[in-house]
Amino acid sequence: MLDMLVRNATLPDGRKGIDIAVENGKISAIGESIQTPAKQQIDAAGCLVTPPFVDSHFHMDSALSLGQPRLNQSGTLLEGIQIWGELKPDLTVEAIKQRALQMCRWSIARGTLCIRSHVDICDDRLLAVQALLEVREEMKPYLDLQLVAFPQDGFLRYGRSRENLLRALDMGVDVVGGIPHFERTMDEGASAVRQLCEIAEQRGLQVDMHCDESDDPHSRHIETLAFETQRLGLQGRVTGSHLTSMHSMDNYYVSKLLPLMREAGLHVVANPLINITLQGRHDSYPKRRGMTRVPELIQAGINVAFGHDCVMDPWYSLGSHDMLEVANMGLHVAQMTGLEQMRQAFAAVTENGARVLGLEGYGLDVGCHADFVVLQAQSPVEALQLKPNRLFVVRRGQVIARTPAQENFVSLGAGEESLSFSTGRF
Ligand code: FE2
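Keep in mind that this is a model prediction, so the values were computed, not measured. (Residues numbered from 1 in each chain as written. Predicted model: local features only at pLDDT ≥ 70, side-chain atom pairs only at ≥ 80, totals over all residues. Heavy atoms only, no water.)

### Looking at the overall build of the chain
And step 1. Secondary structure assignment for the chain yields 14 helices and 16 strands.
And step 2. Radius of gyration (C-alpha) of the chain: 21 Å, near the 22 Å computed for a compact globule of 426 residues.
And step 3. Across its three principal directions, the C-alpha atoms of the chain cover 65 × 45 × 45 Å.
And step 4. Summarising the internal contacts of the chain: among those between residues at least 6 apart in sequence, 75% fall at separations of at least 24.
And step 5. Here the chain displays about 16800 Å² of accessible surface, and carbon together with sulfur accounts for 49% of that area.
And step 6. Of the side chains in the chain, 40 bear a positive and 52 a negative charge, and the two mean positions are spaced by 1 Å. (Helix = DSSP H or I, 4+ residues; strand = E, 2+ residues; numbered from the N terminus. Rg over C-alpha atoms; globule rule 2.2 N^0.38 Å. Contact = heavy atoms within 4.5 Å. Areas by Shrake-Rupley, 256 points an atom, 1.4 Å probe, with all protein chains shown as cover. Lys, Arg positive; Asp, Glu negative; His and termini not counted. Charge placed at Lys NZ, Arg CZ, Asp CG, Glu CD.)

Shown next as structure tokens:
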């Protein structure tokens with residue numbers, strides 16, 4: 001007797017009429033016409049079943065703090081950092097935890113079950129670290145939360161960053177972060193990248209840096225990050241987040257940079273919602289979009305994921321942790337409107353994100369964790385078009401969230417009995 005059987009699923013790769021068998025929290029079989037009885041059955045009725053959405057770049061310590069203590073009037077990254085600095089002295093573990101737990105509930109409802117969150121370590125009390133470590137533990141049955149030690153005020157610019165970062169890692173934070181473009185000089189930025197990569201190498205950890213989140217074409221810390229990754233043998237374990245300066249860089253320089261990034265096995269995370277909002281704020285017209293060069297990075301063979309980055313905080317006053325909204329914005333900003341490019345945008349919030357996090361057992365293969373989402377759509381492209389309801393969110397073989405089907409979708413040419421909720425164009 002199976003624990004769960006999902007019938008008649010459409011998979012992200014286009015296979016239709018697929019059944020998924022679940023035993024002991026894992027996928028035990030996947031294919032057509034599985035006849036084994038099961039304790040629980042879900043009729044997917046031809047809907048898309050995808051591995052959970054992955055947010056590869058998030059800030060859970062600031063999420064849902066919008067307006068505390070004031071709103072960002074200029075809309076810039078720098079005013080956001082200033083406002084977060086004003087709130088820091090008033091933070092408590094309990095307040096951070098409550099906001100984070102609320103955030104997790106939103107995430108789960110939208111099928112976002114794998115999250116890499118940066119956590120600010122430039123508060124000497126490390127309250128956010130303590131709070132998010134507790135949240136990581138409490139939410140373990142429901143989602144994977146990976147934490148990055150993030151020196152928001154600079155690794156060298158803020159005097160106690162090294163000490164705090166090492167303490168955070170000792171407490172159990174998973175990944176080494178950084179913010180080289182916020183150091184006082186380019187040289188200091190390069191030095192921070194080197195030192196942080198060395199810490200990761202010594203401790204056997206991954207690296208994920210906010211890197212070149214700027215419109216300055218001369219912000220080239222990504223080059224140093226690629227170099228240090230190679231020098232220290234960290235290939236495949238290092239991520240450059242944002243990389244917005246690449247938008248403004250000289251094309252010739254980028255033609256040299258992309259192969260270096262590929263050679264170092266770097267992952268890239270773009271954050272379309274936030275980059276389109278924060279970048280280009282010093283421009284009049286034409287106004288730069290500021291997002292990194294996503295299609296060119298993919299073309300160069302580099303793994304690119306999309307992150308949400310912020311939800312209702314000093315940097316971004318919108319969002320509900322819906323990764324389909326992120327993918328949708330990403331494909332608009334990068335003009336990825338071709339059919340294959342739209343599929344790549346969907347992968348950027350699912351499997352590519354899982355590669356950034358280094359998740360094991362992610363996917364819809366036999367032996368993978370029984371973690372998946374049934375969407376009220378028939379393909380990844382249709383999911384991007386409709387941003388449909390997440391009918392079932394399953395974690396380790398248990399339904400942990402449900403949303404009823406929307407009834408006002410138009411069905412073109414499908415019989416009533418087929419439960420074709422959507423337009424079925426692809
Ligand atoms: Fe960020």
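### So, the coordination of the iron ion
And step 1. Here the iron ion is held by the protein donor atoms His57 (NE2), His59 (NE2), His210 (NE2) and Asp309 (OD), which lie 2.2 to 2.5 Å from it.
And step 2. In terms of primary sequence, the donors binding the iron ion are separated according to H-x1-H-x150-H-x98-D. Here His210 is found in strand S10 (residues 206–211), whereas its partner Asp309 is found in the loop between strand S13 (303–306) and helix H11 (323–333), with 99 residues between them in sequence. (Donors = N, O, S within 2.8 Å, 3.2 Å for Na, K, Ca; no water.)

### What about the state of the cysteines?
And step 1. Here the structure, examined in full by the defined rule, presents zero disulfides.
And step 2. Cysteine Cys114 shares no disulfide, and the gap to the nearest cysteine sulfur, in Cys368, comes to 12 Å.
And step 3. Cys114 sits in the buried class, given a relative accessible area of 2%.
And step 4. With no disulfide of its own, Cys197 lies closest to Cys211 among cysteine sulfurs, the gap being 9.5 Å. (Disulfide = S-S within 2.5 Å. Buried < 20%, exposed > 50% of the residue type's maximum accessible area, 1.4 Å probe, protein only.)

### Things to note about the environment of Tyr316
And step 1. Relative to the helices and strands, Tyr316 is located in the loop between S13 and H11.
And step 2. Overall, the relative accessible area of 7% leaves Tyr316 in the buried class.
And step 3. Residues Tyr316 and Pro272 lie 44 residues apart in sequence; the distance between their C-alpha atoms is 12 Å.
And step 4. Sequence-distant contacts of Tyr316, that is, excluding residues within four places in its chain, are made with Leu273, Ile274, Thr277, His308, Cys310 and Val311.

### So, the domain arrangement of the chain
And step 1. In terms of domains, the chain is made up of domain 1 (2–51 + 363–422) and domain 2 (53–357).
And step 2. A straight line from the C-alpha centre of domain 1 to that of domain 2 covers 31 Å.
And step 3. Roughly 1600 Å² is buried in total at the junction of domain 1 and domain 2, and carbon and sulfur atoms are behind 68% of that figure.
And step 4. On the domain 1 side of the contact with domain 2, Leu384, Arg390 and Arg395 bury the most area, a combined 40% of that side's loss.
And step 5. In this structure, the connection of domain 1 to domain 2 is made through two salt bridges.
And step 6. Close ionic contact of Asp144 with Arg395 constitutes a salt bridge, the shortest N to O distance being 3.1 Å.
And step 7. Inspection of the domain 1/domain 2 interface yields six residue pairs in polar contact (both at pLDDT 80 or more).
And step 8. If you list the elements that add at least two residues to the side of domain 1 that touches domain 2, you get strand S5 (48–50), strand S14 (372–375), helix H14 (380–386), strand S15 (390–395) and strand S16 (398–402). (Domains from an automatic or database assignment. Buried area = accessible area lost by both parts, 1.4 Å probe. Salt bridge = Lys/Arg side-chain N within 4 Å of Asp/Glu carboxyl O. Polar contact = N/O pair within 3.5 Å; in protein donor to acceptor, adjacent residues only side chain to side chain.)

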